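# Examining the three-dimensional arrangement
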Amino acid sequence: MPIKIPFEAADILLPAAGFEKWATIACDQFTSEPEYWREVENEVSDAPSCLRITLPEVYLTEPDVGARIESINRTMNEYLDEGIFKEYKNAMILVERTLADGRTRRGVVGAVRLDSYSFEAGAKPPIRPTEGTVLSRIPPRVKIRENAPLELPHVMLLIDDRERSVIESISSKGLEKLYDFSLMLGGGSLRGWLIPEKEQKRLTDALQALAGDGDEPLLFAVGDGNHSLATAKSCAGDGLALVEIVNIHDPALDFEPIYRVMFGVNPADVVAKAEKAFPSGNRRVSWISAEGEGSFFADGLESKVLQDFIDSYIETHPGAEVDYIHGRDSLEVLAKRENAIGFLFGGITKEELFPYVKQNGPLPRKTFSMGEARDKRYYMEARRIKR
């Protein structure tokens, strides 16, 4: 029996003007680079901005995080009261994101029903996580969302549409253009069009055909924002969450490994223990530090075996920490700090993702990223979740 497609129109809010300062990159980027967020502060100044109503994770462990969350909720209400938003009822938005290298990635913004999503182990709903959900990461996000009147998505859901029958078949010609502007700090540009009701139905019909008639179909795989969607599930139960859907076969959608950097360690000691732990294998892991660089070989998915090694090392070395880095350039800068070491490796390909998740369930946490940091989704659309 065909499933009911869990993607639908939503009442979407957009600012009436000032898009360039409004849109900011996903909160889980540049977590070890506070200088990036200082640049965003300078860019935004006192203009209305998503920076004021989201919490960059670089600040998540700061002592003033409670005050920051209160300010976020207060500012959301101020923006609503001041009427900076225009609401589009029963809307879906066709999005075109031009990346810094000139390629264009397409997506559609709408809402998913959370009764069709679960992060519970072994669950096989139509919407599934692609990485393991770390339960300890949900409560801090719940604190941000539980009193918030708005949600702003950086969740991107992937569809496995080799025939490009869903998103790519929508033409922007003749559609109402909602925004067209350059994103700050090298993020490329963003355009969006309102999808009319007739095209919305054609899109959901195409999704229905993609899902097929089989049991337990995997229609949407969470590509970005897994913990944000898990937070929405924890807060909203079987309600809705605003997301962008993207075809995994979009040629402008890159899969990049998420690298690891360890801080508070002796790099030579880490390398010695890693070489002992991984005497041979068929997958290369390269390391880089201020003291030099090299490599070793391991068996199995790098993000799993290397993460197991790092977790074990941290358990026995007080003060050692790990961070997860998008992009080689950022990793090289961080890995050359004192008492730090970074690891570079290959990863799972786009073609492998859906078959892997169907057969094995979620990948280890922080296995892949869809593009480098500046190519990630920017906050733009919003939806009212409390009155």
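Calculation rules
- Residues numbered from 1 in each chain as written.
- Predicted model: local features only at pLDDT ≥ 70, side-chain atom pairs only at ≥ 80, totals over all residues.
- Heavy atoms only, no water.
- Helix = DSSP H or I, 4+ residues; strand = E, 2+ residues; numbered from the N terminus.
- Rg over C-alpha atoms; globule rule 2.2 N^0.38 Å.
- Buried < 20%, exposed > 50% of the residue type's maximum accessible area, 1.4 Å probe, protein only.
- Phe/Tyr/Trp six-rings, centres within 6.5 Å; stacked < 30°, edge-to-face > 60°.
- Arc of directions from axis to C-beta.
- Contact = heavy atoms within 4.5 Å.
- Polar contact = N/O pair within 3.5 Å; in protein donor to acceptor, adjacent residues only side chain to side chain.
- Salt bridge = Lys/Arg side-chain N within 4 Å of Asp/Glu carboxyl O.
- Core = buried A, V, L, I, M, F, W, Y, C linked by side-chain atoms within 4.5 Å.
- Expected span 1.5 Å × (residues − 1).
- Axes fitted to C-alpha atoms, helices over the stretch in contact; angles between N-to-C directions.
- Left-handed = near helix turned anticlockwise from the far one by under 90°.
- Pairing = 2+ DSSP bridges.

## With respect to the overall build of the protein
Counting secondary structure elements, the protein contains 10 helices and 21 strands. In terms of overall size, the protein behaves like a compact globule, its C-alpha atoms giving a radius of gyration of 21 Å where 387 residues would be expected to give roughly 21 Å. Its C-alpha atoms give the protein principal-axis dimensions of about 60 × 50 × 40 Å. Buried positions account for 54% of the 387 residues belonging to the protein.

## With respect to the packing of aromatic side chains
What the rule picks out here adds up to 15 aromatic pairs. Geometrically, the ring pair formed by Phe278 and Phe309 is edge-to-face, given 5.9 Å between the ring centres and 65° between the ring planes. Of this pair, Phe278 sits in the loop between helix 7 (267-277) and strand 15 (283-289) while Phe309 sits in helix 8 (residues 302-315); the two residues are 31 residues apart in sequence, bridging distant segments of the chain. In this structure, Phe278 and Phe309 share a single accessibility class: buried.

## Some details on helix 7
Residues three or four positions apart in an α-helix share a direction because the helix packs 3.6 residues into each turn. Listed in full, the buried residues belonging to helix 7 are Pro267, Val270, Val271 and Ala274. Viewed end-on, helix 7 has its buried residues packed into an arc of 95°, placing them on one side of the element. Where the residues of helix 7 are buried, they touch strand 14 (256-263), strand 15, strand 16 (292-298), helix 8 and strand 18 (340-345). Between the side-chain oxygen of the N-cap and the backbone nitrogen of Ala268 there are 3.0 Å, and the N-cap of helix 7 in question is Asn266.

## Points about the pattern of salt bridges
Side-chain pairs of opposite charge can arise whenever the charged atoms involved come near each other. By the definition in use, this model includes 23 salt bridges. Between Arg113 and Glu8 there is a salt bridge, with its nearest N and O atoms 3.5 Å apart. In this pair, Arg113 is assigned in strand 6 (residues 104-113) and Glu8 in strand 1 (residues 7-8), connecting sequence segments 105 residues apart. Of the residues examined, Arg113 reaches a relative accessible area of 14% and is grouped as buried. With relative accessibility at 27%, the residue Glu8 sits in the partly exposed group. Salt-bridge contacts for Lys376 lead to Asp224; the nearest nitrogen and oxygen are separated by 3.0 Å. Residue Lys376 is located in the loop between strand 19 (368-369) and strand 20 (378-379), and its partner Asp224 is located in strand 12 (residues 220-224); the two are separated by 152 residues in the primary sequence. The structure contains a network of salt bridges with shared partners spanning Glu8, Arg113 and Asp115.

## Observations concerning unusual backbone geometry
Glycine aside, residues mostly have negative phi, and peptide bonds are mostly found in the trans state. At Ser45, a position not held by glycine, the phi torsion is positive, near 55°. With respect to the helices and strands, the residue Ser45 is situated in the loop between helix 2 (34-44) and helix 3 (65-82). A relative accessible area of 42% means that Ser45 is categorised as partly exposed. Located in the positive-phi region is Arg164, a residue other than glycine, with phi close to 55°. As for its placement among the helices and strands, Arg164 is situated in the loop between strand 9 (156-159) and strand 10 (176-182).

## Examining the environment of Glu163
With respect to the helices and strands, the residue Glu163 is situated in the loop between strand 9 and strand 10. Given the relative accessible area of 68%, Glu163 is considered exposed. Considering only alpha carbons, one finds Glu163 and Ala290, 127 residues apart in sequence, at a separation of 47 Å.

## What to know about the environment of Gly174
If you trace the backbone, Gly174 turns up in the loop between strand 9 and strand 10. Expressed as a C-alpha distance, the spacing of Gly174 and Trp193, which sit 19 residues apart in the sequence, is 9.4 Å.

## As for the nonpolar core
If you look at the biggest cluster of nonpolar residues, it comprises 50 residues, and the most contacted ones within it are Trp22, Trp37, Leu152, Tyr179 and Met380. A per-element tally of this core places helix 3 first, with 5 residues. In this view, Trp37 contacts Ile25, Ala26, Cys27, Gln29, Phe30, Leu51, Pro56, Val58 and Tyr59; residues no more than four positions away in its chain are not counted. Among the nonpolar cores identified, the runner-up in size contains 34 residues, and Ile5, Leu114, Phe119 and Val155 belong to it.

## Side note on helix 8
When the terminal C-alpha atoms of helix 8 are compared, their 20 Å separation across 14 residues agrees well with the 20 Å that a helix rising 1.5 Å per residue should span. If you check which residues of helix 8 are buried, you get Glu302, Ser303, Leu306, Gln307, Phe309, Ile310 and Tyr313. Buried residues of helix 8, seen end-on, are gathered within an arc of 160° and therefore sit on one face of the element. Of the surrounding secondary structure, the elements contacted by the buried residues of helix 8 are strand 14, helix 7, strand 15, strand 16, strand 17 (321-326) and strand 18.

## Observations regarding the packing of helix 4 (residues 138-145) against helix 6 (residues 226-236)
Helices that pack against each other are described as a pair by the angle of their axes relative to one another and the distance between those axes. At their nearest, the axes of helix 4 and helix 6 sit 9 Å apart, and the two run at 65° to each other. Considering the relative orientation of helix 4 and helix 6, their crossing is right-handed. Every residue of helix 6 that contacts helix 4 at Ile138, Arg141, Val142 and Arg145 is listed here: His227, Ala230, Thr231, Ala232, Ser234, Cys235 and Ala236.

## Focus on the pairing of strand 13 (residues 240-247)
Of all 8 residues in strand 13, 7 are buried; the element is thus mostly enclosed. Relative to strand 13, strand 6 runs antiparallel, the two being bridged by 6 bridges. Its bridge partner lying in strand 13, Arg113 is registered against Leu240. Across 4 bridges, strand 9 lies against strand 13 in parallel orientation. When the sheet's bridge partners are listed, Ile159 is paired in strand 13 with Asn247.

Function cannot be read off these values alone, since they describe shape.
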